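Inside the fold
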Amino acid sequence: MTLYDEVEYPSRSFNQTHPERAATIGTLLGMSPPAPATCRVLEVGCGSGWNLIPMAAAMPGARFVGFDLAASAIEAAKRDAESLQLTNLHFDQLDRWTFPRISASSITSLRTGFIHGVPEPVRLKLLDICRDHLSPQGLAFISFQCQSLWTLAADVA
């Protein structure tokens, strides 16, 4: 059991990570990203899947894979995806150091939101994952919280 199993990390949908938005940004930057309708998305640190589940439901021709360290979050994600009968979505628990090999040609977008809360070796591992698993025209969306929640709470008090 991990700390993430003991204290649930909030999971929600982030419209800025949608494949259509990523493809638009990539196109504006001179790239030729894959069509969103048939893209393949990998989310590292997916929590209970609330970001991927709506996209998978709306884009049946695309493929979505989510990994998280917390077994409890992955169980919840699998349960929700199964209840919605989503066949284009897969969730799995992984150790941050033993990331499975995934065909580089299949990953068109990699999203993560945990980079701000992990030690430097884990952040570097994430960059390795981007290098090793993104397709040549693939896009990585890495969100970074610049101010800790503790600091935000202290500013409000």
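Throughout this description, residue numbers start from 1 for each chain and increase along the sequence as written. Where local features are concerned, this predicted model is filtered to residues with pLDDT of at least 70; where side-chain atom pairs are given and counted, the filter is 80 or more; whole-chain, interface and lining totals use all residues. Here the side-chain values reflect all heavy atoms present in the structure, with hydrogen atoms and water set aside.

Looking only at helices and strands, the protein chain has six helices and five strands in total. Only DSSP runs of H or I covering at least 4 residues are called helices, and only runs of E covering at least 2 are called strands; the numbering of each starts at the N terminus. Counting from the amino terminus, the protein chain carries its helices and strands in the arrangement α-α-β-α-β-α-β-β-α-β-α. Taken over 157 residues, the protein chain has a buried fraction of 39%. The contact rule is simple, with two residues in contact once any of their heavy atoms fall within 4.5 Å. Taking contacts inside the protein chain between residues at least 6 apart in sequence as the whole, the part at least 24 apart equals 73%. Buried, partly exposed and exposed residues are distinguished by accessible area as a fraction of the type maximum, computed with a 1.4 Å probe on protein chains only: under 20%, between the cut-offs, and over 50%, respectively.

Further remarks concern the nonpolar core. The definition of a nonpolar core used throughout is a set of buried Ala, Val, Leu, Ile, Met, Phe, Trp, Tyr and Cys residues joined through side-chain atoms within 4.5 Å. Counting residues in each nonpolar core, the largest one holds 16 residues, and the members touching the most others are L52, F64, L89 and F91. Contributions of two or more residues to this core are made by helix 3 (52-58), helix 4 (71-83) and strand 3 (89-93). Per-element accounting of this core gives the leading share, four residues, to helix 3.

Moving on, we come to helix 2 (residues 19-28). Listed as buried for helix 2 are P19, A22, A23 and G26. Here the buried residues of helix 2 occupy an arc of 100° about the axis, which is enough to place them on one side. Following helix 2 by one or two positions, G30 has its phi on the positive side, about 90°. Our arc is simply the arc of the directions from the helix axis toward the C-beta atoms.

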